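Working through the structure, step by step
Given next are the chains, with one letter for each unit.
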Amino acid sequence: METRNFKRVFVWELPVRIFHWVNVLCVIVLSLSGFLIANPPALISSAEATNLHSFGIVRFIHFAAAYIFFFNMILRVYWSFVGNKFASWRAFWPFSKKTWSNFKHVLKIDVLLFNEKVHDEKNISIGHNSVAILSYLLLFIVALVSVFTGFALYADTANWWLPKLFAWVTPLFGGDFMVRSIHHIAMWVFILFTLVHVYLVFYHDWLEGRGEVSSMFGGYKFVQEDRLRKAAKAEEAEEKSNKYK
Amino acid sequence: MPTEIEKRDTYYESIIKQGYSRRDFLKFSTYMAAFMGLESTMVGQIAESLEKTPRIPIIWEHYQECTCCSESFIRSNHPIVADIILDKISLDYTLTLMAASGHQAEAAKKAVMDKYKGEYILCVEGSIPLGDDGNYCCIAGKSAKETFLEAAAGAKAIIAWGSCASNGCVQAAKPNPTGATPIHKIVKNKPIIRVPGCPPIGEVMAGVIMHVVAFGRLPQLDRLGRPKAFYGKRVHDTCYRRPYYDAGLFAETFDDQNSKNGYCLYKVGCKGPMTYNSCGTIKWNNGVSYPIQSGHGCIGCSEENFWDNGPFYERTTKIPGFAVESNADTVGKVAAGVIVGGIALHAVGATISKRKELSDNIKRAKSNEKNIDL
Ligand code: HEM
Ligand code: SF4
Ligand code: SF4
């Protein structure tokens, strides 16, 4: 029986990994503090309000995490212009033929669980697969929704110009009520996304054994050797042609 | 035209004629400056302006409404306010308060509209039903829409009193059977000041109208067309119970000890955190109190769709666009449950469907294991 030869490939650069985990932390903190803001628990305390600032602290944590979340997101967008090909915005471009054929493949094989007649290693994405791309794009939009509605709610009590930049969002929805509802619902999208996302990472790791889970720690994934040579050749050729350009 | 305006009394003249002293007049100006949120140095300007400006005619229309705005207005703080504005500022037409009635009243309105075309202020109380050709609200044989468009055409500016004219209020609540419509959705080419609230605070109304008549221009408006001086802050931002909110001390029910202690009403549904209004500062009934001070949460009366924004006595997130009382958290939890169930099914399905691939993997890995060179 043939034993597959895997090569270790550097996929997720350090800034991408840092972004990922900062983002995870922020979403957890934002969601927990968000739930508390939406539905504060009964506090058993006989302290005077003067000596207590617990809800203020929860809100402070939420806003602080929101800023980190926001700036982290901006850094990631920046990295999509300077990072490697797996981090590039090009990797997220959903309108290419390749993306759609891969989309169909992933849908058939990984979502609907059909088996391939002939295994084509090329169908295994080294970076994100096409379904994942779409889910990240969706999540990016939801993140923007969170940021826009969150800062819009924050704008009127903020002293800094940055949150005030988002003040125009509120009138679009007629007032704070709708903005707040949308903000709250966006949080649920994050939670639902996370469930599916984490499961699919485990699923791919379990089935393909290419280090999907650990890739977000070390940055490496494992790729079939023969595939790599072809890719390496292509890359060499590309480099050459670039040189002469 | 200008000569006719000059013949009209100035505000000051009509105030003095009414039997008030100059001292009263100055007090009035001071009040107005305070209501308008102006600095004390502006009092002189207001007084001067009132001394010089001839009174501006006002047409005050009532459509689909309950007259709570008028009620609130005539209770505004200083007696001179209602007096001046209602009698003297020249409410040339307001069907609830004017002496004339029937054809006479309508003729008077027509006369004002013709004579002061482009100069009068149109105040609108109530929303306008557009359903069934506007037949749900007719005055003097004409539909509200028709009279409104007619009056709006010659108006210098329009003031939308209360949530009805500004947002539609209860008549516009789902399913809005009469097609009640706030006025800014009907007339687009006139400056409109929206003064929402059910009703708006009397002093706010006085402040707005005085600004218009004293300075001859609109007060500074926010993006929603509301005067910034009165709608620039949330009730929550000026609420005296705010320290309890920040402390996390909340009334859990209306009859618990926390409620008696005066804790924040957030958990019993206070809508102050989403509601822009001056209740926390100007208060109601001549500054006596306001709902929260009297132990009841804000119900968000000055916000868009306030009847459809969810229950008054609960803190939940409604899903917009759903007619049923759908709580976002319940829907979220159900969705999460469905997804977790789906994931479990998928995992089982994958184990079955991909069994060959998986067992190959395992075989390969096991043979590799055997071949480890220790
Ligand atoms: C993943 C991102 C975020 C999540 C999951 C999240 C979640 C939440 C939740 C659940 C609430 C309570 C809503 C309610 O009362 O029903 C909330 C409130 C709020 N959030 Fe966020 N949020 C996020 C990002 C942000 C951002 C970027 C900002 C920007 C500053 C922000 C600012 C606010 C503000 C101002 C409130 C209202 C707090 C108050 O009125 O006391 N949030 N958030
Ligand atoms: S009572 Fe209402 S407005 Fe006042 S602090 Fe509490 S939530 Fe805010
Ligand atoms: S406290 Fe709220 S509901 Fe009450 S009058 Fe003020 S804005 Fe309206």
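Residues numbered from 1 in each chain as written. Chains lettered and ligands numbered in written order. Predicted model: local features only at pLDDT ≥ 70, side-chain atom pairs only at ≥ 80, totals over all residues. Heavy atoms only, no water.

1. Re the packing of helix H4 (residues 130–155) of chain A against helix H7 (residues 176–208) of chain A
Residues and elements named next belong to chain A. Filter applied, for reference: For every element, the axis is a line fit to its C-alpha atoms; helices are fit only across the contacting stretch, and the angle between N-to-C directions ranges from 0 to 180 degrees. Strands are runs of DSSP state E lasting at least 2 residues, helices are runs of H or I lasting at least 4, and numbering of each runs from the N terminus. Roughly parallel here means an angle under 35 degrees, roughly antiparallel means over 145, roughly perpendicular means 65 to 115, and every remaining angle is called oblique. Whether a crossing is left-handed or right-handed is set by the direction in which the near helix is turned from the far one by less than a right angle, anticlockwise for left-handed and clockwise for right-handed. Contacts were defined at the residue level, with two residues in contact if any of their heavy atoms lie within 4.5 Å. Classes in brief: Ala, Val, Leu, Ile, Met, Phe, Trp, Tyr, Cys and Pro nonpolar; Asp, Glu, Lys and Arg charged; the others, Gly included, polar.
Where H4 meets H7, the axes come as close as 9 Å, and the angle between the chain directions of the two elements is 150 degrees. Classified by the angle their axes make, H4 and H7 are roughly antiparallel. Between H4 and H7 the crossing geometry is left-handed. Here H4 contributes Ser 135, Tyr 136, Leu 139, Val 142, Ala 143, Val 145, Ser 146, Thr 149, Gly 150, Ala 152 and Leu 153 to the contact with H7, which in turn contributes Asp 176, Val 179, Arg 180, Ile 182, His 183, Ala 186, Val 189, Phe 190, Phe 193 and His 197. In the contact of H4 with H7, the residues fall into 13 nonpolar, 6 polar and 2 charged.

2. Structural notes on the packing of helix H1 (residues 14–38) of chain A against H7(A)
All names here are of chain A. Closest axis-to-axis distance for the H1/H7 pair is 11 Å, and the angle between their directions is 135 degrees. For the element pair H1 / H7, the angle class is oblique. Considering only the axes of H1 and H7, their crossing is left-handed. Across the interface between the two elements, His 20, Val 27, Ser 31, Phe 35, Ile 37 and Ala 38 from H1 touch Arg 180, His 184, Met 187, Trp 188, Phe 190, Ile 191 and His 197 from H7.

3. Quick notes on the pattern of salt bridges
A side chain of one charge can pair with a side chain of the opposite charge when the charged atoms of the two come close. All names here are of chain B. Convention followed: Here a salt bridge means any side-chain nitrogen of Lys or Arg lying within 4 Å of a carboxyl oxygen belonging to Asp or Glu. Whether a residue is buried, partly exposed or exposed follows from its accessible area with a 1.4 Å probe, protein chains only, as a fraction of its type maximum: under 20%, in between, or over 50%, in that order.
Tallying each qualifying case throughout the model produces 19 salt bridges over all chains. The partner of Glu 48 in a salt bridge is Lys 52, with the nearest N and O atoms 2.7 Å apart. Residue Glu 48 and its partner Lys 52 are both found in helix H4 (residues 43–52); the two are separated by 4 residues, about one turn of the helix. Looking at Lys 52, the relative accessible area reads 57%, which means it is exposed. Among the ionic pairs, Asp 360 bridges to Lys 356, the shortest N-O distance being 3.5 Å.

4. Some details on the interface of chain B and chain A
The condition is simple: Buried area is a sum: the accessible area each of two parts loses on coming together, probed at 1.4 Å, counted once for each and added.
On the chain A side, the residues contacting the 54 residues of chain B number 50 residues. Buried area between chain B and chain A, summed over both chains or domains, comes out near 4,600 Å², and the portion from carbon and sulfur atoms is 61%. Among the residues chain B hides against chain A, the three largest losses belong to His346(B), Lys354(B) and Arg364(B). Together they make up 13% of the total. Remark: the boundary between chain B and chain A carries 1 salt bridge. Measuring nitrogen to oxygen at the nearest pair gives 2.7 Å for the salt bridge that ties Asp176(A) to Arg234(B). Mapped by element, the contributors of at least two residues to the side of chain B that touches chain A are helix H12 (242–247), helix H14 (328–353) and helix H15 (355–370) of chain B. Counting residues per element, the side of chain B that touches chain A draws most heavily on H14(B), which supplies 15 residues. Partitioned by chemical class, the residues of the side of chain B that touches chain A number 23 nonpolar, 13 polar and 18 charged.

5. Considering empty space enclosed by the protein
All names here are of chain A. For clarity, the cut-off: As defined here, a cavity is a set of points on a 1 Å grid over the protein atoms alone where a 1.4 Å probe fits but cannot get out. A pocket is an open set with protein on both sides within 12 Å along at least five of seven lines, and residues line them when an atom is within 4 Å of a point. Grid points are joined across faces, edges and corners, and a volume is the space filled by probe spheres set on the points.
On inspection of all chains with the given rule, the structure shows 3 cavities of 30 Å³ or more. Computed from the structure, the largest cavity encloses a volume of approximately 720 Å³. Forming the boundary of the largest cavity are 33 residues, of which His 62, Phe 63, Gly 150, Leu 153 and His 183 lie nearest the centre. Put simply, the parts of the chain that give the lining of the largest cavity at least two residues each are H1, helix H2 (54–82), H4 and H7.

6. Observations regarding the coordination of the iron atom of ligand 1
Six octahedral donors around a metal ideally subtend angles of 90 or 180 degrees, whereas four tetrahedral donors ideally subtend 109.5 degrees. Short version of the rule: Only N, O and S atoms count as donors, using a 2.8 Å cut-off from the metal and 3.2 Å for Na, K and Ca, and because water is excluded some sites may appear unfinished.
Coordination of the iron atom of ligand 1 by the protein is provided by His62(A) (NE2) and His183(A) (NE2), with metal-donor distances spanning 2.0 Å. Since its relative accessible area comes to 11%, His62(A) is described here as buried.

7. Describing the site of ligand 3
Condition: By convention in this text, a residue qualifies as near a molecule or strand provided that one of its non-hydrogen atoms is within 4 Å of it.
All residues in the neighbourhood of ligand 3 are listed as Thr275(B), Asn277(B), Cys279(B), Trp284(B), Pro291(B), Cys298(B), Ile299(B), Gly300(B), Cys301(B) and Ser302(B). Here the residues of the shell around ligand 3 sort into 6 nonpolar, 4 polar and no charged.

8. Here's the deal with the domain arrangement of chain B
Put simply, the test is: Note that the domain bounds reflect an automated or database-derived domain assignment.
The assigned domain composition of chain B is domain 1 (11–231), domain 2 (233–315) and domain 3 (330–370). Relative to domain 3 of chain B, the C-alpha centre of domain 1 of chain B lies at a distance of 68 Å.

9. Here we look at the nonpolar core
Residue and element names in this part refer to chain B. Rule in force here: For this analysis, a nonpolar core means a set of buried residues of the types Ala, Val, Leu, Ile, Met, Phe, Trp, Tyr and Cys, connected via side-chain atoms within 4.5 Å.
Membership of the largest hydrophobic core comes to 52 residues, with the highest contact counts inside it found for Ile 159 and Trp 161. The leading source of residues in this core is helix H10 (residues 202–215), at 10 residues. Here this core spans two domains, since at least three of its residues come from each of domain 1 (11–231) and domain 2 (233–315). Residues contacting Ile 159, with those up to four places away along its chain left out, are Ile 121, Leu 122, Cys 123, Val 124, Ile 193, Val 195, Val 208, Ile 209 and Val 212. Grouped together as the second largest cluster of nonpolar side chains are 26 residues, Ile 59, Tyr 93, Leu 122 and Ala 160 included.

10. Considering the side chain of Lys271(B)
Note the following rule: We score Asp and Glu as negative and Lys and Arg as positive, and we do not count His or the chain ends.
Mapping Lys271(B) onto the fold places it in the loop between helix H13 (257–260) and H14. Within the buried set, Lys271(B) has no salt-bridge partner at all; the shortest N-O distance to an opposite charge, 8.5 Å, is to Glu314(B). Among all residues touching Lys271(B), those that are not within four sequence positions of it are Phe177(A), Cys298(B), Ile299(B), Gly300(B), Asn309(B), Pro311(B), Phe312(B) and Glu314(B).

11. Observations regarding the environment of Phe55(A)
Within the element layout of this structure, Phe55(A) appears in helix H2. With a relative accessible area of 4%, Phe55(A) lands in the buried category. Taking C-alpha positions, Phe55(A) is 9.9 Å from Pro41(A), a pair spaced 14 residues apart along the chain. Aside from chain neighbours lying at most four places away, what touches Phe55(A) is Leu36(A), Ile37(A), Pro40(A), Tyr245(B), Asp246(B), Ala247(B), Gly248(B), Phe250(B) and Tyr266(B).

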